[in-house]
Amino acid sequence: MATAKDEPVVLAHECYVKKDYSGALQHLNELENLIGSGNKRVQHNKAVVEFMASDMKNVDKFKKAIAQLTGLTFPDIETKDLSAPFLLYNYAVVLYHSRYYYQCAVLLERLLTCKNVKDNKLFQQIVLLLLESTLCRRTYEKTLEIAKTHGEPLKSNPEVSDLFDRLVSRAQLLIGQHKVKLNLKPDSIENVFIIAQQQYLNGDVNESSSTLGQYKTLKYNYDLKTQGEDIWAAINNNLGVIYLSIKKPFLASKYFQHAVKEHFKAMESEDSEKLIACRDRPLYVFNLGLALLSANNSEGAFECLVEAARHYPNNPRIWLHLAECCVKKCCSDEAQQYTVKKLGSGPHTRILLAKEGKEKYSTSGESFAIPSLSLEFAALCLRNAITLLPNQEQPADITAPLIQAPPGPPINWKQRCELKNSTFVLQSYVLLHLQDPLSALMSANELLSQPDASSSHKAWAHIYAAEALINLDRIADAVEHLHPPMIHDLVSVLPYQMKDMIAVSVWAKAAVCHILRGDLVTARKILLQINSPRVLPLQMYLEICTGNIDNCHTLLRKLRYTNFTI
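All residue numbers here refer to positions counted from 1 along the written sequence of the relevant chain. Only residues with pLDDT of at least 70 get local features here, since the model is predicted, and only at 80 or more are side-chain atom pairs given and counted; chain-wide, interface and lining totals rely on the full set of residues. Excluded from the side-chain calculation are hydrogens and water; included are all heavy atoms of the structure.

**Describing helix 11 (residues 189-201)**
Each helix is a run of H or I in the DSSP string that is no shorter than four residues. Each strand is a run of E no shorter than two, and both are numbered from the N terminus. Here the expected length of a helix is defined as 1.5 Å per residue gap, with one fewer gap than residues. Between the first and last C-alpha of helix 11 there are 19 Å, a value that for 13 residues agrees with the 18 Å anticipated at 1.5 Å per step. All of the buried residues in helix 11 are I189, N191, V192, F193, I194, I195, A196, Q198 and Q199. The contact criterion used throughout is that any non-hydrogen atoms of two residues lie within 4.5 Å. In this structure, the buried residues of helix 11 make contact with helix 10 (161-174), helix 12 (205-212) and helix 14 (231-245). Each residue gets one of three labels from its accessible area relative to the maximum for its type: buried under 20%, exposed over 50%, partly exposed in between, using a 1.4 Å probe on protein chains only.

Structure (structure tokens):
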């Protein structure tokens, strides 16, 4: 038999379903007057209704109310009281949209294992949110495990079956099952995105781009207000990723710039205050930085990657890319301008060839930790990258995720080794430019001690080690790193262009060693075999030393019209 308490409960629920939040709140107040103000369920429902009445914008007040009812301090999850599953689910929703994915997943797993969830609809909502939070944590195996264990009721429910299939499909693609047949039809904008992603991962970039273009033919309600994400920002970002993958960085940067602009426009609207609003600017800016770096726009890329580093400080890839921006800017600006002066006349002519020297450290008084396009900041970035790639034992599965690197995919063992080796090589190069040969030698030797170093990395490490030893006046040790048979074995498997670059560097360093030993004839013979503007200053020096003034004038004319880097 119905009681006086039942009527306001039913009326409040009916008003809530109709989105009449003021009416629902009125009936909840009536219920509170009947049963007292200490009932947690009534207080919880009032908090939810008030939050929805604010169009999900009064986030701080809702967080405070939910945290107070659970007895927790946001974002803590250490509670033994699981007797209020609806309340804890809403707390998990707040955690998820606040990007506390780990806490959200742990809390939801605890709710699934306890026996307090009697409502089937709540159970299914818990499973869906848990799938989404494990996807955001990039624990894709966990996503598929949960779907397999708890997914049967969701497959048979037409209200959530499409969403369940999308979540499972995303996990399958991200775990590497690119060829799996997706249980999706291109009849919604969400499905179109996932189908295009599978085509992109399989290398069918033209089909992927065409699939994304199907949004023009679909009726959809996908915007910041309903889904928390701007459709135009998402489409432009995905198109940018496609063009960057086929080495069209200028076109890719154009799409990424559009994505940033569309997202900025969406964030200026009133709907940006909603709990569900997706603030993905760091992701779009990171992608834009990569495209600009590929397009040799080191200044623009640096600005983007500095912003990305503030949001993703634990990603070693970002720190390495920041160092690359500094090297491209500083070492191309050095480019290096040689000053050629002619003193005296006739038999007393003297030719002076010099380049502007760079001080080992800046004297401006600014901290190197302040982001700037300098080699000092590059050295700091490379130290950060090495710190984030610690030494550890090789796992049994070298393709398993090892280091989380948002916003990109996790780094496995093989990628970790390649990344660390690249960092050591660049670090050695930067330290040589900073006139710190001892540290440069240590970085090069550290790379040579890595068991998984590639042939190209080893070749460059030997070259930089030799240059560092030359600067340290250890000529005999430098020659050991330039042993021709050893270098030949390393570069034999490399592409022609890379092989040519390494060969020029090796022979140039070998010539320097012979010059320092006083064997100018052998050094000249070596340099005559090199057809590269990079060694013109060295050739000119040798011609002067050996008295070949005519050859010196010829080289001087070449030098005046050639841009080169040593």
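Picking up after the structure, the text goes on.
**Quick notes on the pattern of salt bridges**
Every case where a carboxyl oxygen of Asp or Glu lies within 4 Å of a side-chain nitrogen of Lys or Arg is listed as a salt bridge. All told, the structure shown has 12 salt bridges when counted by the stated rule. The partner of R170 in a salt bridge is E132, and the shortest N-O contact between them spans 3.3 Å. Of this pair, R170 sits in helix 10 while E132 sits in helix 7 (residues 120-136), and the two are 38 residues apart along the sequence. Judged by relative accessible area, which is 25%, R170 ranks as partly exposed. Note that R474 and D477 form a salt bridge whose closest N and O atoms lie 3.1 Å from each other.

**Some words on the packing of helix 22 (residues 455-471) against helix 24 (residues 484-491)**
A pair of packed helices is captured by two measures, namely the crossing angle of their axes and the spacing between those axes. Axis lines are fitted through C-alpha atoms, for helices just across the contact stretch, and the angle between N-to-C directions can take any value from 0 to 180 degrees. Put simply, helix 22 and helix 24 touch, their axes get as near as 8 Å, and they point 150° apart. It follows that helix 22 is roughly antiparallel to helix 24 by the angle criterion. Between helix 22 and helix 24 the crossing geometry is left-handed. Listed contacts from helix 24 to S455, K458, A459 and H462 of helix 22 are M486, I487, L490 and V491. In this classification, Asp, Glu, Lys and Arg are treated as charged, Ala, Val, Leu, Ile, Met, Phe, Trp, Tyr, Cys and Pro as nonpolar, and every other residue, Gly included, as polar. Counted by class, the contact of helix 22 with helix 24 contains 5 nonpolar, 2 polar and 1 charged residues. Orientation labels follow simple angle bins: below 35 degrees gives roughly parallel, above 145 gives roughly antiparallel, 65 to 115 gives roughly perpendicular, and whatever is left gives oblique. Whether a crossing is left-handed or right-handed is set by the direction in which the near helix is turned from the far one by less than a right angle, anticlockwise for left-handed and clockwise for right-handed.

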